[in-house]
Amino acid sequence: QVQLVESGGGLVQAGGSLRLSCAASGRTFSSYAMGWFRRAPGKEREFVAAITWSGGVTQYTDSVKGRFTISRDNAKNTVYLQMNSLKPEDTAVYYCAASQIARIIVPESFNAWGQGTQVTVSS
């Protein structure tokens, strides 16, 4: 099983940017599709973005399209989420996740999780 550790969260003003990182260890990183999910206060966890094993395919939830970019560096066993033009409604705990369905993106297939990192966007 892959182990995931997120970093890069924090407090930022609306319109600002943050980059989240997720370092993976354990099983072969390139065997996994990687994703980011988030849970806002009082809400269920939701899919944010994902990327296939090669980085060739990415997928985003509609609310972050054009503002967030997911990328990965298989040599560093790390996946990133660049978040620009942040809005107060982006405030949430962000979780890194891995799926063994590596060549396509199936949000329901992600079953390895990090501990989460808090992102707070002030208005």
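Since the model is a prediction, treat every value here as computed from it, not as a measurement.

Engineer: What is the right way to look at the nonpolar core in this model?
Structural biologist: One broad trend across soluble globular proteins is that nonpolar side chains are buried collectively. Membership of the largest hydrophobic core comes to 30 residues, with the highest contact counts inside it found for M34, W36, V79, L81, M83 and Y94. The set of elements that each furnish at least two residues to this core consists of β3 (18-25), β4 (33-39), β5 (46-51), β7 (68-73), β8 (78-83), β9 (92-99) and β11 (117-122). Membership of the second largest hydrophobic core comes to 7 residues, among which are F37, F47, A97 and F110.

Engineer: What is the right way to read the pattern of salt bridges from this model?
Structural biologist: Between side chains of opposite charge, pairing is possible as soon as their charged atoms come close. Enumeration over the complete set of coordinates arrives at 4 salt bridges. The partner of E46 in a salt bridge is R38, and the shortest N-O contact between them spans 2.6 Å. For E46, a relative accessible area of 33% translates into the label partly exposed. With a closest N to O distance of 2.8 Å, D90 and R67 form a salt bridge. In this pair, D90 is assigned in the loop between β8 and β9 and R67 in the loop between β6 (58-60) and β7, connecting sequence segments 23 residues apart. In terms of burial, D90 and R67 fall into one category: buried. What emerges from the salt-bridge pattern is a single network uniting R38, E46, R67 and D90.

Engineer: Even after reading the chapter, I still don't get the state of the cysteines, so can you show me in this structure?
Structural biologist: A covalent bond between the sulfur atoms of two cysteines is referred to as a disulfide. Summed over all chains, the structure comprises 1 disulfide. Shown here is the disulfide that connects C22 with C96, its sulfur atoms set 2.1 Å apart. Of note, the bridge from C22 to C96 carries an S-S torsion of about -80° and is left-handed in sense. Of this pair, C22 sits in strand β3 while C96 sits in strand β9, and the two are 74 residues apart along the sequence. Assigned by exposure class, C22 and C96 land together as buried.

Definitions and limits used
- Residues numbered from 1 in each chain as written.
- Predicted model: local features only at pLDDT ≥ 70, side-chain atom pairs only at ≥ 80, totals over all residues.
- Heavy atoms only, no water.
- Core = buried A, V, L, I, M, F, W, Y, C linked by side-chain atoms within 4.5 Å.
- Buried < 20%, exposed > 50% of the residue type's maximum accessible area, 1.4 Å probe, protein only.
- Helix = DSSP H or I, 4+ residues; strand = E, 2+ residues; numbered from the N terminus.
- Salt bridge = Lys/Arg side-chain N within 4 Å of Asp/Glu carboxyl O.
- Disulfide = S-S within 2.5 Å.

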